[in-house]
Amino acid sequence: MNLLAVFAHPDDESFSCGGSLAKAAAEGHNVHLICATRGEEGEIIHPDIDPEPYPKGDARGVLRTAELETTCKALGIHPPIFLDHHDSGFPIEVGLNNPRAFMNQDLIALERQLLPLIADLKPDVMISFDPHGGYPHIDHITIHRAAIAAFWSAGSVMQPAPKRLYFPARSLQVLREMKARSTSTTMANVDPELYGVSDDSFAAIIDVSSFAEQKRSAIMAHRSQFGEASKIQAMLDSRPDMLKQEIFTLGGLRGSFPEMPVSDLFAGL
Ligand SMILES: [Zn+2]
């Protein structure tokens, strides 16, 4: 079967569902990843990378394109497909006046950009961000809106259309604990009661423990974003659940669905 993940930036895929992408590929499914931007506004954290040769903008996008290609190899999935929009940056003020910024693109045009790719790749299952975008980044919310629109319009403009759309999710309890421990400015804007998901909303709980090393390698490949290996390892050590299981809610469905939660994204298909 075919699985298509649709995200906004290089690195969005790895934390949210890297283990599930690797698992699906290992089980013989065709796994593709669409990335709306090349992460041109991402911060460079890794001290081994001189920030000078990679100013924000297209040069940084080249660096992060290479990182995502390495990630896809680590996960065993097809090379990334880029929509070639410009990263809006964070916070939202960065992209407000940039006409190339992803956040400023017409949503119907984005939907129309996804539809031929869906027609070509024929995904049985799609994955994209939930309505809150995982954390408050406008590009995440923008790709969510485009992906969910394309999931539904695919049913009228093509057959077969995708059967399921999943959103990576974090449980209310996990987010409350993360928030209590975190000092990051990003987490400061994450309200667990809004961004967390109740247990009875889980549509899929995927055991990714056999794919922990691949997920770890995928995250490590985004070295410009997450710092040196020891820093990434410390972060992973603080969230051991991240390499064990991935949780999804259901964002769209055609046909039936087994009793929730399933342990396989393709269960019943
Ligand atoms: Zn992102």
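Bear in mind the structure is a predicted one, so any value in this text is a computation, not a measurement. (Residues numbered from 1 in each chain as written. Predicted model: local features only at pLDDT ≥ 70, side-chain atom pairs only at ≥ 80, totals over all residues.)

Each helix and strand in the protein chain was counted, giving 10 helices and seven strands. Taking all 269 residues of the protein chain together, 42% fall into the buried category. (Helix = DSSP H or I, 4+ residues; strand = E, 2+ residues; numbered from the N terminus. Buried ≥ 20, exposed ≤ 12 C-beta atoms within 10 Å, placed from the backbone.)

All right, on to helix α1 (residues 12-26) then. Over its 15 residues, α1 runs 20 Å from end to end, which matches the ideal 21 Å to within 8%, given 1.5 Å per residue. In α1, a bend of some 75° at Gly-18 exceeds every other bend along the element. For α1, a buried count of 13 out of 15 residues is recorded, marking the element as mostly surrounded by other parts of the structure. Positive phi appears at Gly-28, one or two residues downstream of α1, with a value of about 95°. (Expected span 1.5 Å × (residues − 1). Bend = angle between axes of the 7 residues up to and from the residue.)

Let us look at the pairing of strand β4 (residues 125-128). Side chains Val-125 and Ile-127 project from β4 onto one buried face, and the interleaved Met-126 and Ser-128 project onto a second face that is buried too. Bridge count between β4 and strand β5 (residues 164-169): three bridges; the pairing is parallel. Paired with Val-125 across the strands is Arg-164, a residue of β5. Note that the unit made of β4, helix α4 (residues 138-157) and β5 has a crossover that is right-handed. (Pairing = 2+ DSSP bridges. Right-handed = clockwise from strand over helix to strand, strands pointing away.)

With that settled, the discussion passes to the environment of Leu-4. Residue placement: Leu-4 occurs in strand β1 (residues 2-7). In this structure, Leu-4 is in contact with His-32, Ile-34, Leu-121, Pro-123 and Met-126, ignoring residues within four places of it in sequence. (Contact = placed C-beta atoms within 7 Å.)

The strand order across the open sheet built from seven strands is β3-β2-β1-β4-β5-β7-β6, with neighbouring strands paired in mixed fashion. Two strands close off the open sheet at either side, each with one partner strand: β3 (81-85) and β6 (204-207). Between one strand and the next, the sheet's axes are offset by a mean angle of 25°, whatever the strand orientation. Across three bridges, the pairing between strand β2 (residues 30-37) and β3 is parallel. (Axes fitted to C-alpha atoms, helices over the stretch in contact; angles between N-to-C directions.)

Moving on: the pairing of β1. In terms of burial, β1 is a largely internal element, five of the six residues being buried. Pairing of β1 with β2, which is carried by six bridges, proceeds in the parallel orientation. Residue pairing in the sheet places Asn-2 in a bridge with Asn-30 of β2. Two elements, β1 and β4, share four bridges in a ladder whose sense is parallel. By the bridge assignment, Leu-4 is partnered in β4 with Met-126.

All we've got here are geometric facts, nothing functional implied.
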